[in-house]
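# Summary of structural features
Listed below are the residues making up each chain.
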Amino acid sequence: MTRRLRGWLAAAVLLLAGCTAGGGPPRPDDHRAAAERWQPRPGVAWQWQLSGTLDTSVDVPVYDIDGFENDAAAVSRLHAAGRHVICYVNAGAWESFRPDAKDFPAALLGRGDGWDGERWLDIRALDRLRPLMAARLDMCRTKGFDAVEPDLLDGWTNTTGFPLTAADQLAYNRMIAALAHDRGLSVALKNDLGQVPDLLADFDFSVDEQCAQYDECERLAPFVAAGKAVLHVEYDLRTDQFCPAARKLGFSSMRKRLALDAWREPC
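Computed from a predicted model, the values in this text were never measured in an experiment.

This part is about the overall build of the protein chain. In terms of helices and strands, the protein chain carries six helices and 12 strands. Across the 267 residues of the protein chain, 55% fall into the buried class. Excluding contacts between residues fewer than 6 apart, the proportion of contacts in the protein chain whose partners are at least 24 apart in sequence is 65%.

Following this line, the structure appears as structure tokens:
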């Protein structure tokens, strides 16, 4: 089960000028080659804040923040300080508190994922979810984000209420990656360690929670070997319990509170 917490305010507007209800086709200039997209490299320092008032003072080159709850001005301020910015969105579960919640058909909503107001999505319904996810990624692009962190890309390993298979997850994750790339955004594989060998070529970096606690970090080593960052956090372990091994692996690791507020203790 993915372990993360996000804030509950949803003040950002989802449907922006120029987007169609289905997210619209990418603009011609959005079809940028991989070499032209920004991509975090192994060992880069980062900050991950999904709750509380955004603290832009952390002196790191990469920020990962909530796409709905932060406006274009916040992204611009971070850019002005020389930082690249990742857009957090939930790709695997419906959230009752988001402004687009009413757009998700009830038939696609499964069991709760352990967080209030959230239910797993039936990711087999690619045609119905594609325009909804395209609209979210259009939001990230329009606000000026450089990359996207689509959460909950591991439904097939959880009790979702749907008979999801590994093949279903691969198809959905690749759809999300393609939508991001079509918009000029690099994209993270969030957890889903069991499919790293199959998805390494489709994703530009990884965001991982608690691989040290669950003795899984070696499974992410292919990302670093391919020159792609592993942005990694632990919640329950002390830094001396995971940082030495994380450094050897080339990870960008830190300790965070489960609330994912501004506090951080980097390796």
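Moving on to helix α2 (residues 126-142). Between the first and last C-alpha of α2 there are 23 Å, a value that for 17 residues agrees with the 24 Å anticipated at 1.5 Å per step. Listed as buried for α2 are L129, L132, M133, A134, A135, R136, L137, D138, M139, C140 and R141. Those residues of α2 that are buried lie in contact with β3 (84-90), β4 (93-95), β6 (118-121), β7 (147-151) and α3 (166-182). Following α2 by one or two positions, G144 adopts a phi angle in the positive range, close to 95°.

A separate point is unusual backbone geometry. The backbone phi angle of L152 is positive, close to 60°, even though this residue is not glycine. Within the fold, L152 resides in the loop between β7 and α3.

The next point concerns the state of the cysteines. Counting across every chain of the model gives three disulfides. The partner cysteine of C87 in its disulfide is C140, sulfur to sulfur 2.1 Å. Because the sign of the S-S torsion sets the handedness, a value of about -60° for the bond joining C87 and C140 places this disulfide among the left-handed ones. In this pair, C87 sits in strand β3 while C140 sits in helix α2, placing the two residues 53 residues apart along the sequence.

Here we come to the confidence of the model for the protein chain. For the protein chain, mean pLDDT is 90; residues scoring 70 or higher make up 87% of the total. In the predicted structure, residues 1-32 sits below a pLDDT of 50 and forms 89 contacts with residues beyond four places in sequence or in another chain.

Pairing in this open sheet of nine strands is mixed, and the strands run β1-β2-β3-β7-β8-β9-β10-β11-β12 from one edge to the other. Of all strands in the sheet, those bounded by a partner on one side alone are β1 (46-49) and β12 (265-266). Bridge count for β1 against strand β2 (residues 62-66) is four bridges, and the pairing is parallel. Across the sheet, the residue bridging to Q47 is Y63, located in β2. Packing against the sheet, α2 makes contact with β3 and β7, and its axis sits at approximately 155° to β3. Strand contacts of α3: β7 and β8 (186-190), with the helix running at about 155° to β8, the strand carrying the most contacts.

Attention now moves to the side chain of R183. Summarising the element assignment, R183 is placed in the loop between α3 and β8. Among the polar contacts made by the side chain of R183, one reaches the main-chain carbonyl oxygen of L179 at a distance of 3.1 Å.

Turning to the environment of A221, a few remarks are in order. As for its placement among the helices and strands, A221 is situated in helix α5 (residues 221-225). Since its relative accessible area comes to 23%, A221 is described here as partly exposed. Considered as a pair, A221 and F251 are 30 residues apart in the sequence and their alpha carbons are 8.6 Å apart.

Take the packing of α2 against α3 next. Packed helices, taken two at a time, are described by their axes: the angle between them and the distance between them. Closest axis-to-axis distance for the α2/α3 pair is 10 Å, and the angle between their directions is 35°. For the element pair α2 and α3, the recorded crossing hand is right-handed. Counted together, L126, L129, R130, M133, A134 and L137 of α2 and A171, Y172, M175, I176, L179 and A180 of α3 form the full contact between these two elements. Within the contact of α2 with α3, the residues separate by chemical class into 11 nonpolar, no polar and one charged.

The subject of this paragraph is the environment of Y235. Within the fold, Y235 resides in the loop between β10 (230-234) and α6 (239-249). Exposure remark for Y235: the relative accessible area of 8% places this residue in the buried category. In this structure the C-alpha to C-alpha distance between Y235 and L258, which are 23 residues apart in sequence, comes to 6.1 Å. Within the structure, Y235 has its side chain in polar contact with the side chain of E209 (distance 2.6 Å).

Procedures and definitions
Residues numbered from 1 in each chain as written. Predicted model: local features only at pLDDT ≥ 70, side-chain atom pairs only at ≥ 80, totals over all residues. Heavy atoms only, no water. Helix = DSSP H or I, 4+ residues; strand = E, 2+ residues; numbered from the N terminus. Buried < 20%, exposed > 50% of the residue type's maximum accessible area, 1.4 Å probe, protein only. Contact = heavy atoms within 4.5 Å. Expected span 1.5 Å × (residues − 1). Disulfide = S-S within 2.5 Å. pLDDT = per-residue confidence, 0-100. Pairing = 2+ DSSP bridges. Axes fitted to C-alpha atoms, helices over the stretch in contact; angles between N-to-C directions. Polar contact = N/O pair within 3.5 Å; in protein donor to acceptor, adjacent residues only side chain to side chain. Left-handed = near helix turned anticlockwise from the far one by under 90°. Nonpolar A, V, L, I, M, F, W, Y, C, P; charged D, E, K, R; others polar.

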